[in-house]
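Chain by chain, the residues:
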Amino acid sequence: MKVPVSWLQDFVDLTLPIPELAEKLTFAGLEVEDIEYIGVPPASNEQDANAKGLVWARDKIFVAQLIEALPHPNADRLKIVRVAYGASAPAEMVTGAPNINVGDSGQKVVLALEGSRLYDGHKEGRVFMTLKKSKIRGVESAAMVCSEKELGLSEEHEGIIILPDDAPVGTPLADYWGDVVLTVKINPNFARAQSVLGVAREVAALTGQRVRLPQTWDTQERGAPETAFVNIEIADARLCPRFAALLIRGVKIKPSPQWLQQRLLRAGMRPINNVVDITNYVMLGYGKPLHAFDYDALIARANGGVPKILVRPARAGEQMQTLDGQLRSFHAHDILVTDARGPVGIGGIMGGSETEVSDATQNVLLESAIFDFISIRRTTAEQKLPSEAATRFGRGIPASQNIAPARVAAALMRDLADGTIEPTLADNYPLPQTTPTIDVTRRDVKRILGIELTLAEMEQLLRALDFAVTAPHADTLRVTPPDYRADVEGTADVLEELVRLYGFEKIPSVLMADALPPLEGNAALEQEQTARAILIEMGLQEIVTYAFTQPAHEARLAPNERAEKIFPLPQRAYVSIENPISAERSALRQTLLPNLLDIAASNLRHTKRVALFEIGSVFLTRHAGETQVGDLPEDASLPLEPRRLALLLTGPRALPTWQTTDVAPFDFYDLKGILEELGAGLHLDELNFAARAHPMLHPGRAAEMRIGAESVGVFGELHPLTREKWALPAQAVLVGEFDLEKILAHTDARFIIQPISRYPAVVQDIALWVDESIEGARVEQLIRQTGGALLRDARLFDVYRGAPLPVGKKSLAYTLTFQALDHVLSDADAGKARDKIVNRLTREIGAELRRSGAG
Amino acid sequence: MSENATALQARALARLETIWDNEQLEAWRVEYIGRKGAVNALFEQISALPHTERGAFGKTANELKLALEAAFNAKIGAIKQIELSKALEAEPLDVTLPGRRPSRGHIHPTIQTLQEIYKIFGEMGFQVYRTRQVETDIMNFQLLNIPPFHPARDNWSTFYVAGSDEKVLLRTHTSPGQIRAMRAAYPNPVRAILPGLCYRYEQVSARYEIQFNQVEGIVVGHNITFGNLKGTLTEFARRMFGERPVRFYGDHFPFTEPSAQMDVRCIICEGRGTDALCKYTGWLEILGSGMVHPQVLRNGGYDPNEWSGFAFGMGPERIAMLKHGITDIRNFWNNDLRFLEQF
């Protein structure tokens, strides 16, 4: 909200420099987001960066009056003007302003003398210039009459500014028109401050001043629902606790005076005409939105009788054309202001076009009413009709504040629109405002704020905020908030008021001495951190991506649409977003891999090597009976949010450098090795792998990772058709996705290590020929089983196919390390153990020992 | 004969003087002190000598042998020294050439910041408690004093889940975790931080994202005051941003009262107000906080007359942005390796 300081000063004396005041307001919860200086210099202690805008030099830019406008001898469109500005001699200059004609005199204008710093009116945007003496078509001109653009007031450069007739000639413009505008952020709990008066009250409380209210200000005034000029009926007092109206006869619709227009503009509203401007002015100044009806239109609708206003919920399907020209339909939760013929306004939001004030309006029925703020907000959102009025109504306005602002508006219509106020107030007030009484003790202050305050100190702070205070007991204050506040309901609210005024900075910082809750740690998180650290060590980059996706995007993982939907392909109904920001973000993901592929694709535009992983949640519509950790009973229908791990490798193992480096492309075994090492780091003793076809994977290069017999995810080389869907280069892309929770469930911080032998080892190499169909894992398993305790390690160091092997055979070469824990193992014993292994391999899988020897 | 030995010694040593490589040295050894060398030839002459001369001759020959062996050993050392010097001088490396760098992965900057936050609060006795992301309207709003259509909802533009009977939404903040943490902990005291992703319907820009992380904190105990809130969060700021002033001032959250914003002195301009980072105010907004509202305590299962507490919330992306000079929040989700690899 924009608050011109000149307007603020109507209500309260400012005793602090603007920056200090702004800081005080900010600290008290009314954040001043911006300070705009119009024509006046910023306070000296502020940084230059804050001093945006133009300063109107007090010795160069003045309020002036046109003495005469003469024709320019050499140009038809130019004029020579002489203006008085309080100096002994008038100033003379050339102007092209279209709103000054030859022969004019008497207008009040803004004069800038030579050397003035202004904005260049002929340049786009705001470009500084310094006014210099020059000859314009042969006539010397050293001064200028200014446009709004040149003074930085607006972009208007069509004509020069014509000031009000009462503008004081010779006064520096900065004194007459300069201002400071504060932009104040109004949090929802500061509804009372949504007006210049509201901010003034806060300023007064913070600086020890009193606010000045209009003499007519009376929040007790009440009227009757039935009057000679209007009858008011309210169908539901909860929706409309109060509805009042004043009649102003004989108004003349015309533009508002300059000062009022200026205030509206500086507060951010466009002037329209005097009656509309006055309602807006009172809303901005006093926080009460009003609505002006054309009274004669209401009479016409009542067939010449006294209009009967009925405030009621809309009937289903009811329609009205609002004054923005739109025909709108309503629901039963919308509040309508109606008369005998039907709706004439949406309560608090917008009037109907048929009864709106026009240039021909003579008599104004001024509505001031209070509506249920929840209903207002709902209608505002549904009808998409946000407005200054709806914002204020939507935060709640106490019913006691209904009449006094309307009286201010009526008086202005009398003064500025030549109207006559009908003295009677029409007022239906079925649901009077309740005022709470709240007890606050010194113990409350100590217990919640951590400070000791005396009752007298508490009382002083609260009185500054217009609270009524009594002290029923020695340690208790009984307080009543002022009638303009509806936000104070309980002790916590009063404590907040106390600390706001006392000062947050004065509360001492104290570390907690309270008992610690039982410390349980977070095992799942810690294991996740371990997994992350292991992956990082192996050179994978962590990414974090959007939880949002589009079902079609995830479906692209399986190149064959009819493929079986198995993990991690989406298998369930999507958790879809009712109000998505775009189609691409219309549901929550069920798999991480599409995001990894997206990120790989975008990075491959600038690099060749990509090695990524993500740990994150996917979102699965819950089937009946499924549970997850942390569920409360009421969560039974909310989606499951399991944590997943996904990995992706593509490109060379390393980027080439000046040295010899392994730049071969990542392949299946790179990914598998990472998984094996991850398993080792997490001590997953039962980790194993098996071939497993999967629609998204290359059929011969797909596997599943298992712990014991449980599958925890699949990995392998991306199917070439899937790769093409992501427009990835024709190179192997290794991917895998895993159920992280299943993996981490098998980690055990208490893993057992193997003893290290002090005795020498015997190393033997063997090369075996086996059928192609024999899996390496089977061979190694047999070796390890048969080798028993003496076999310390078995490492595959060569796989060979081709001559001299026959087709269908492969050669596997292992280094076997034999070692005993308690004695020196002889070569003979090691040889026996080796022979036992070879014999078993020969017997069970038909392996043929081709070569053996000391390793 | 002794003349012979003297001459031999002189000749051998003179020759040795000129030798500076191992090959020639070996030849010298063979020639003079080898098994068939000149010295051994001398010893072989002993048997041909009269008994009376044998002693003196033998002694002379022995001295000759020892002298030549000593000279030989000295020469070995000298040559080794020279060869070492030569080796050390040969082919010096260009130490400015790039080293062989192992591929190292990097933890995502948001996660790094989260880990730092966990650590700082962990040392103050806070436990990490993760809660769900898809929430009910009741949990995300109503139990936090934000009824339907309440003005406070303006601060949380919400994504709703389609087709649910009761309103289900993507949590707009980690604050529903307050209720969950309290309900899980009751009747014990609570000291927890609640991290995680949150979602808001925003126009994506350099400052706003539809998805972001938050870290909520909640403390509930028998003697928890606003002074504890200040003490705890000031300590956090000191650990996270170093020794620098902080300030607290009034703010509004429906679920805390009183509520306060915490700023730290700008890490760039140090309070001079000269930098865009702090929007020329000299202060950086770090977190929102407040005393847990009595009704929220009640909703969590705690009697507000017996218990009190404070809560706070901060954005790890914002903290990372401040600490690392990141000007566009979209970097966190674009996952450009050129960005990520700098962490």
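This one's a predicted model, so the numbers in the text were calculated from it and none came from an experiment.

Criteria and cut-off values
Residues numbered from 1 in each chain as written. Chains lettered and ligands numbered in written order. Predicted model: local features only at pLDDT ≥ 70, side-chain atom pairs only at ≥ 80, totals over all residues. Helix = DSSP H or I, 4+ residues; strand = E, 2+ residues; numbered from the N terminus. Rg over C-alpha atoms; globule rule 2.2 N^0.38 Å. Buried ≥ 20, exposed ≤ 12 C-beta atoms within 10 Å, placed from the backbone. pLDDT = per-residue confidence, 0-100. Pairing = 2+ DSSP bridges. Contact = placed C-beta atoms within 7 Å. Axes fitted to C-alpha atoms, helices over the stretch in contact; angles between N-to-C directions. Parallel < 35°, antiparallel > 145°, perpendicular 65-115°, else oblique. Left-handed = near helix turned anticlockwise from the far one by under 90°. Nonpolar A, V, L, I, M, F, W, Y, C, P; charged D, E, K, R; others polar. Core = buried A, V, L, I, M, F, W, Y, C linked by C-beta atoms within 7 Å. Domains from an automatic or database assignment.

Now for the overall build of chain A. On a plain count of helices and strands, chain A comes out with 21 helices and 40 strands. Over its C-alpha atoms chain A spans a radius of gyration of 41 Å, topping by over 25% the 29 Å that the globule rule assigns to 855 residues. Expressed as lengths along the three principal axes of its C-alpha atoms, the size of chain A is roughly 125 × 80 × 60 Å. When each of the 855 residues of chain A is scored for burial, the buried share is 42%.

This next bit is on the confidence of the model for chain B. Considering every residue of chain B, the mean pLDDT works out to 91; 99% of them sit at 70 or more. The secondary-structure element of chain B with the lowest mean pLDDT is helix α1 (residues 2-17) of chain B, recorded at 84, while helix α9 (residues 294-300) of chain B shows the highest, at 98.

Pairing analysis gives four bridges linking strand β13 (residues 231-234) of chain A to strand β16 (residues 308-313) of chain A, with the strands arranged parallel. Within β16 of chain A, the residue paired with E233 of chain A across the bridge is L310 of chain A.

Contact with chain B, which involves 80 residues of that partner, is made by 79 residues of chain A. A total of eight residues in the side of chain B that touches chain A trace back to one element, the largest contributor, which is helix α8 (residues 226-241) of chain B.

Residue and element names in this part refer to chain A. Alternating residues of strand β27 (residues 476-480) divide into L477 and V479, all buried, and T476, R478 and T480, none buried. Sheet topology places strand β25 (residues 438-441) next to β27; four bridges connect them, and they run antiparallel. Its bridge partner being in β27, T441 is matched across the sheet by T476. Of the pairings in the sheet, the one linking strand β26 (residues 468-473) to β27 comprises four bridges and is antiparallel in character. Within β27, the residue paired with T470 across the bridge is R478. Connecting β26 to the next strand, β27, in antiparallel fashion are two residues.

The subject of this paragraph is the sheet that holds β25 of chain A. Residue and element names in this part refer to chain A. Across the sheet, which stays open at both edges, the three strands sit in the order β25-β27-β26 with antiparallel pairing between neighbours. In this open sheet, the two edge strands, each paired with only one partner strand, are β25 and β26. On average, each strand axis in the sheet is tilted by 30° relative to the strand beside it, whichever way the strands run. Sheet strands in contact with helix α13 (residues 491-502) are β25 and β27, and its direction is about 60° off that of β25.

Here the focus is the packing of helix α5 (residues 109-122) of chain B against α8 of chain B. Geometry of a packed helix pair, given as the angle between the helix axes and the separation of the axes. All names here are of chain B. Orientation of α5 relative to α8, taken along the N-to-C sense of each, is 135°, at an axis distance of 10 Å. Judged by the inter-axis angle, α5 sits oblique to α8. As α5 packs across α8, the resulting crossing turns out to be right-handed. Contacts from E116, I120 and F121 in α5 reach F236, R239 and M240 in α8.

Here we take up the sheet that holds strand β33 (residues 687-691) of chain A. Residue and element names in this part refer to chain A. An order of β28-β31-β32-β36-β35-β34-β33 is seen for the seven strands of this open sheet, with the pairing classed as mixed. Of all the strands in the sheet, just β28 (541-542) and β33 have a single pairing partner and so form its edges. Here β33 pairs with strand β34 (residues 697-707) via five bridges, running antiparallel. Across the sheet, residue A691 finds its bridge partner in β34, namely A703. Against the sheet, helix α14 (residues 523-537) engages β28, β31 (610-617) and β32 (643-650), with an angle of about 175° to β31. Helix α17 (residues 668-681) rests against β32, β33, β34, β35 (710-718) and β36 (733-739) of the sheet, and its axis sits at about 30° to β36.

All names here are of chain A. Taken N-terminus to C-terminus, the directions of helix α6 (residues 274-286) and helix α10 (residues 403-417) make an angle of 145°; their axes are 9 Å apart at the nearest point. Between α6 and α10 lies a crossing of right-handed hand. Contact with α6, carried on its side by N274, V275, I278, T279, V282 and Y286, involves P405, V408, A409, L412, M413, L416 and A417 of α10 and no other residues of that element. Grouping the amino acids of the contact of α6 with α10 by side-chain chemistry returns eleven nonpolar, two polar and no charged.

With that out of the way, let us pick up the nonpolar core. Residue and element names in this part refer to chain A. Residues V110, L111, V364, L366, M413 and L612 are the most contacted members of the largest nonpolar core, which totals 288 residues. Ranked by the residues each element gives to this core, the list is headed by α10, at ten residues. Contact partners of V364, with chain neighbours within four places excluded, come to I248, V251, V275, A292, F293, Y295, V357, M413 and G419. One finds V770, L816, A833 and L841 within the second-largest nonpolar core, a separate group that totals 18 residues.

Under the domain assignment, chain A is made up of domain 1 (2-52 + 180-207), domain 2 (61-177), domain 3 (231-428), domain 4 (439-506), domain 5 (523-745) and domain 6 (762-854). If you average the C-alpha positions of domain 1 of chain A and of domain 6 of chain A, the two centres end up 85 Å apart.

Take T454 of chain A: it is sitting in the loop between α11 (442-449) and α12 (455-464). Taking the number of C-beta atoms within 10 Å as the measure of exposure, T454 of chain A has 11 and is therefore exposed.

Right, let's talk about unusual backbone geometry for a bit. Backbone torsion omega between F567 of chain A and P568 of chain A reads 0°, so that peptide bond is classified as cis. Between E257 of chain B and the following residue, P258 of chain B, the backbone shows a cis peptide bond with an omega angle of -5°. Inspection of the secondary structure puts P258 of chain B in strand β7 (residues 256-265). Its identity as a non-glycine residue notwithstanding, R137 of chain A has a phi of 50°, on the positive side. Its place among the elements puts R137 of chain A in the loop between β9 (134-136) and β10 (139-141). Classification of R137 of chain A by C-beta neighbours within 10 Å gives exposed; the count is 12. Even without a glycine there, the phi angle at N145 of chain B is positive, about 65°. Relative to the helices and strands, N145 of chain B resides in the loop between α6 (137-140) and β3 (168-170). Using a count of 18 C-beta atoms within 10 Å as the deciding quantity, one classes N145 of chain B as partly exposed.

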